[in-house]
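A structural walkthrough
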Amino acid sequence: MFRSIRKRKSVEGPFYKQRGWIGSAGFLVFLVVMSLVALSSGNTTDTSSRDTGIAAASREMLSGLSGPLSPGDPQKARGGQGGRPENCRTDDRDTSRPTTTPTDLRWRQLVARMVPTSPSAGPLHTDESIWWCFAHTPTGAVLAAHVIPVQLGGTAWRTAAEQQIVPGEPRDRFVTSKVKAGTTDLEESLTGRFMGFSLKSYSGESATVRLLLTNPAGGYLSTSVSMRWRDGDWKVAPLDDGSLYTPMRQAKPSGFSAWGE
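Below: a short report on this structure. (Residues numbered from 1 in each chain as written. Predicted model: local features only at pLDDT ≥ 70, side-chain atom pairs only at ≥ 80, totals over all residues. Heavy atoms only, no water.)

Another point: the overall build of the chain. Counting its regular elements, the chain contains four helices and ten strands. Beginning at the N terminus, the succession of helices and strands in the chain can be written as α-β-β-β-β-α-α-α-β-β-β-β-β-β. Contacts in the chain between residues far apart in sequence, at least 24 positions, make up 59% of those at least 6 positions apart. Roughly 15300 Å² of accessible area belongs to the chain as shown, and the carbon and sulfur atoms make up 53% of that amount. (Helix = DSSP H or I, 4+ residues; strand = E, 2+ residues; numbered from the N terminus. Contact = heavy atoms within 4.5 Å. Areas by Shrake-Rupley, 256 points an atom, 1.4 Å probe, with all protein chains shown as cover.)

Attention now goes to the side chain of S222. Mapped onto the fold, S222 is located in strand β7 (residues 220–230). For S222, a relative accessible area of 9% gives the class buried. Dropping the residues within four chain positions of it, S222 is found in contact with R210, L211, P247, M248, R249, A251 and F256. (Buried < 20%, exposed > 50% of the residue type's maximum accessible area, 1.4 Å probe, protein only.)

Turning next to helix α3 (residues 157–164). With seven of eight residues buried, α3 lies mostly within the body of the structure. Those residues of α3 that fall on the buried side of the exposure criterion are W157, T159, A160, A161, E162, Q163 and Q164.

Moving on: the side chain of D233. Tracing the sequence through the fold places D233 in strand β8 (residues 233–236). Of the side chains with opposite charge, R84 lies nearest to the buried D233, which makes no salt bridge, at 4.0 Å. Separated by 2.6 Å, the side chain of D233 and the backbone nitrogen of C133 make a polar contact. Looking at D233, its side chain comes within polar contact range of the main-chain nitrogen of F134, at 2.9 Å. Residues within four places of D233 in sequence aside, it is in contact with L69, R84, W132, C133, F134 and R228. (Lys, Arg positive; Asp, Glu negative; His and termini not counted. Salt bridge = Lys/Arg side-chain N within 4 Å of Asp/Glu carboxyl O. Polar contact = N/O pair within 3.5 Å; in protein donor to acceptor, adjacent residues only side chain to side chain.)

Inspection of every chain in the model, using the stated rule, returns one disulfide. Each sulfur in the disulfide pair C88 and C133 lies 2.0 Å from the other. Between C88 and C133 the sulfur-sulfur dihedral comes to about 100°; the bridge is accordingly right-handed. With C88 in the loop between α1 (19–62) and β1 (106–110) and C133 in the loop between β4 (131–132) and α2 (138–151), the pair connects residues that are 45 residues apart, well separated along the chain. Each member of the pair, C88 as well as C133, is classed as buried. (Disulfide = S-S within 2.5 Å.)

Inspection of the secondary structure assignment puts D104 in the loop between α1 and β1. On the accessibility criterion, D104 (16% relative accessible area) is buried. When neighbours within four sequence positions are excluded, D104 is seen to be in contact with T117, S118, P119 and S120. Of the polar contacts made by the side chain of D104, one reaches the side chain of S118; its length is 2.8 Å. Within the local environment of D104, its side chain forms a polar contact with the side chain of S120, the two groups lying 2.7 Å apart.

Here we come to the environment of T191. Within the secondary structure, T191 is located in the loop between α4 (169–181) and β5 (194–202). Along the backbone, T191 and L221 are 30 residues apart, and their C-alpha atoms lie at a distance of 9.2 Å. With near-sequence residues (within four places) excluded, T191 lies in contact with R113, L213, T214 and P216.

Once that is clear, we can look at α2. Its 14 residues give α2 an end-to-end C-alpha distance of 20 Å, which sits within 8% of 20 Å, the value for a rise of 1.5 Å per residue. Taking the largest bend as the criterion, α2 deviates by roughly 30°, centred on A144. Taking burial as the measure, the 14 residues of α2 include 14 buried ones, the bulk of the element. (Expected span 1.5 Å × (residues − 1). Bend = angle between axes of the 7 residues up to and from the residue.)

Now for the nonpolar core. Grouped together as the largest cluster of nonpolar side chains are 44 residues, with contacts concentrated most on L152, A161, F174, M227 and W234. For this core, the element with the most residues is α2, which contributes eight residues. (Core = buried A, V, L, I, M, F, W, Y, C linked by side-chain atoms within 4.5 Å.)

See below:
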């Protein structure tokens, strides 16, 4: 018995033009694409769930707290001019950018740090939980940028966070990070003494303030704080990751207005 043997017709040309190879390669590409889509969807779901959990934890930590600067004015305190609390009155006529320190500058201790204050530009109220009521001026924004982040490192940080940080995801991240850190002060990296300031930008509704500090290792360091005018006073607008300050950088005193003694 004879078997007929049919020789497979050879295909001329490079391998990547052969039909079988093209089909296999196409299937592999399909699998890779679908895997990437699935992975991307999974990451999106995980990120969304994580953000939801952070927001819920933040709301729980700040629940039950309220004051004259709380969002929504639960105490009905902001019945004054411009939506400010009745007992918060400041002279807001000087809208010039400060290049020198206030004539009524006062250094006061807050959470083991000396901070600049002014009886006219703020804080006018130094309650046990928060120091607040700053002038709606460039000078008021500069003073608030020094004071508010420092008191957020104290034991009453929850009250300060509820009333003096702009609500949103960055605040949620600050709160959850602070809780996770426990007794560790998140602002331990802010070492040195306040030596000067510079108003990088100001619009009346927002401000970016640069701070000049001494470097324990020698020289100077600088960082920035973003401020927003909300609920009748200045509040800190954290970075997306919840940080109150931008990363520290080496700096020179030139370009800063020096704080007086």
